[in-house]
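Tertiary structure, described
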Amino acid sequence: MTKLRTTMMAAAAALVAVTGMVAPAHAQRDPAYAAARANGQVGEQVDGYLGIVGQESAALRSLVNDINIKRRAVYAQKAKENNATLEQFAMTAGCQAIARTEPGEKYQAPDGTWQTRTSAPPMRDPRCP
């Protein structure tokens, strides 16, 4: 990893840790989102976006798309403010979101498979800060 990339990822990680800007507050208050998360229908992806686990419906796809559009807007703004790329910031946010999953919630492992969080730490991408 280059020194510049390491510095940018560290800045993005620090900003995510300080601001908690992994997902817009709206998504966290949305009862449909909370239910989908609790039921294991959605999970945090390595790339910083929300993914659908298993069978999708039109309503679930719409919910996930809406949340991901909002996340992308936040990531783009914060990446620009921190001289990072959108992808670097989004991945760092994904690392943080996966780390904050709670037992029973779904997350994407580094190999792309969906896992259910246990009491053990989640499997995280080796590139995570």
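Residues numbered from 1 in each chain as written. Predicted model: local features only at pLDDT ≥ 70, side-chain atom pairs only at ≥ 80, totals over all residues. Heavy atoms only, no water.

1. Concerning helix H4 (residues 58–81)
Across its 24 residues, H4 extends 35 Å between first and last C-alpha, which sits within 8% of the 34 Å expected from 1.5 Å per residue. Those residues of H4 that sit buried are Leu60, Leu63, Val64, Ile67, Asn68, Arg71, Val74, Tyr75, Lys78 and Ala79. Positioned one or two residues after H4, Asn83 has a phi angle of 50°, which is positive. (Helix = DSSP H or I, 4+ residues; strand = E, 2+ residues; numbered from the N terminus. Expected span 1.5 Å × (residues − 1). Buried < 20%, exposed > 50% of the residue type's maximum accessible area, 1.4 Å probe, protein only.)

2. Side note on the environment of Val74
Structurally, the position occupied by Val74 is in helix H4. Sequence separation between Val74 and Ala90 is 16 residues, and the spatial gap between their C-alpha atoms is 9.3 Å.

3. What about the nonpolar core?
Proteins that are soluble and globular tend to have nonpolar side chains buried together. Core analysis: the biggest nonpolar cluster contains nine residues, these being Tyr33, Ala36, Val42, Leu50, Ile52, Leu60, Leu63, Val64 and Ile67. Listed by contribution, the elements that provide at least two residues to this core are helix H3 (31–38), strand E2 (50–52) and H4. Of all the elements, H4 adds the most residues to this core, at four residues. Residues Ala79, Ala84, Leu86 and Phe89 belong to the second largest nonpolar core, which totals eight residues. (Core = buried A, V, L, I, M, F, W, Y, C linked by side-chain atoms within 4.5 Å.)

4. Observations concerning the sheet that holds E2
A sheet is described by the order of its strands in space; here four strands give the open sequence E2-E1-E3-E4, paired in mixed fashion. Edge positions in the sheet fall to E2 and strand E4 (114–116), since each of these pairs with one other strand and no more. Within this sheet the neighbouring strands show an average axis-to-axis angle of 40°, counted without direction. In this sheet, E4 lies alongside strand E3 (residues 106–108) in antiparallel orientation, the contact comprising three bridges. By the bridge assignment for E4, Tyr107 is matched with Gln115. (Pairing = 2+ DSSP bridges. Axes fitted to C-alpha atoms, helices over the stretch in contact; angles between N-to-C directions.)

5. Focus on the confidence of the model for the protein chain
On average, residues of the protein chain score 84 in pLDDT, and 78% of them reach the 70 mark or higher. Mean pLDDT across the secondary structure elements of the protein chain bottoms out at helix H1 (residues 3–19), with 44, and peaks at E2, with 98. Per-residue pLDDT stays below 50 along residues 1–26; that stretch engages in 44 contacts with residues further than four places along the chain or on separate chains. (pLDDT = per-residue confidence, 0-100. Contact = heavy atoms within 4.5 Å.)

6. With respect to the packing of H4 against helix H5 (residues 86–99)
Packing of H4 against H5 leaves a shortest axis separation of 8 Å and a crossing angle of 115°. For H4 against H5, the interelement crossing comes out right-handed. Residues Arg72, Tyr75, Ala76, Lys78 and Ala79 of H4 lie in contact with H5, whose contacting residues are Leu86, Phe89, Ala90 and Ala93. Looking at the contact of H4 with H5, its residues break down into seven nonpolar, no polar and two charged. (Left-handed = near helix turned anticlockwise from the far one by under 90°. Nonpolar A, V, L, I, M, F, W, Y, C, P; charged D, E, K, R; others polar.)

7. Quick notes on unusual backbone geometry
Positive phi outside glycine occurs at Asn83, with the angle close to 50°. Assessed through its relative accessible area of 63%, Asn83 is described here as exposed.

8. Things to note about the pattern of salt bridges
Here the structure, examined in full by the defined rule, presents seven salt bridges. Glu105 is the salt-bridge partner of Arg37, the closest N and O atoms lying 3.0 Å from each other. Of this pair, Arg37 sits in helix H3 while Glu105 sits in the loop between H5 and E3; the two residues are 68 residues apart in sequence, bridging distant segments of the chain. Among the salt bridges present, the one from Arg61 reaches Glu56, with a minimum N-O distance of 3.2 Å. In this structure Arg61 comes out as partly exposed when scored by relative accessible area, which is 30%. (Salt bridge = Lys/Arg side-chain N within 4 Å of Asp/Glu carboxyl O.)

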